[in-house]
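# Fold and geometry: a report
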Amino acid sequence: MGFKGVIRAVKRSLLRPMQLLGRDKYIRYLCWCYRDIIQFAQKPPRFIAADVSFDKSGGIHVGEGVTIASMTAILTHDYSVDYGLMAIGEQDPSHEKKIQKDVYIGDQTFIGQRCIILPGVKIGNNCIIGAGALVARDIPDRSVAAGVPAKVIDSTDNWIGKRLERDGEFIV
């Protein structure tokens, strides 16, 4: 099997649970699988890809109607402080130190493919995070953010107006 065949097989394996169960049952299944790691809102998320990486060392809070696209990583810890302290001679290597902070994702928020969300970040309600963004700081409600590091580039209201004007005929 060539490289393209391997990619097709991986994609099929990631989509298979949703195809077999249907979207609603798949989301309930994911909520059950992640019940010890993630605190979900009263209503379930809209979609979470099967290959999203959730850090198990801290709290992750996901609002209702959230979509998290594939290959996204949500981190709640940072061990770099341990290595920084060792580098300046302030840390005993036998005692690990880390930063550990909860991550909050607000209601009706879309997280694009391959995003990285760092510890302590709060993403507001009705936000859109562009694909590949590195979210290192809080994102206010009704914002569109993108880039490395992620910066607010527009409000959700302005962005959707521009998007409908530009691509409205292609929305299906």
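As a reminder, the structure under discussion sits directly above these lines.
Owing to the predicted nature of the structure, the values given are computational and were not obtained by experimental measurement.

Bringing the sheet that holds strand β2 (residues 47-48) into the picture now. The 6 strands are arranged β2-β5-β10-β13-β15-β16 in an open sheet whose pairing can be described as mixed. The strands lining the two open edges of the sheet, one partner per strand, are β2 and β16 (151-155). Pairing analysis gives 2 bridges linking strand β5 (residues 67-68) to strand β10 (residues 110-111), with the strands arranged parallel. In the strand pairing of β10, I68 is matched with I111. Relative to β16, helix α4 (residues 156-167) is tilted by about 65°, and along the sheet it contacts β13 (128-129), β15 (143-146) and β16.

Before going further, it helps to examine the pairing of β15. Note: β13 against β15, 2 bridges, orientation parallel. Residue I129 lies in a different strand from β15, and its bridge partner there is A145. For β15 and β16, the ladder comprises 4 bridges, and the chain directions are antiparallel. Looking across to β16, one finds that A145 is bridged to V152.

What counts as what
- Residues numbered from 1 in each chain as written.
- Predicted model: local features only at pLDDT ≥ 70, side-chain atom pairs only at ≥ 80, totals over all residues.
- Heavy atoms only, no water.
- Pairing = 2+ DSSP bridges.
- Helix = DSSP H or I, 4+ residues; strand = E, 2+ residues; numbered from the N terminus.
- Contact = heavy atoms within 4.5 Å.
- Axes fitted to C-alpha atoms, helices over the stretch in contact; angles between N-to-C directions.

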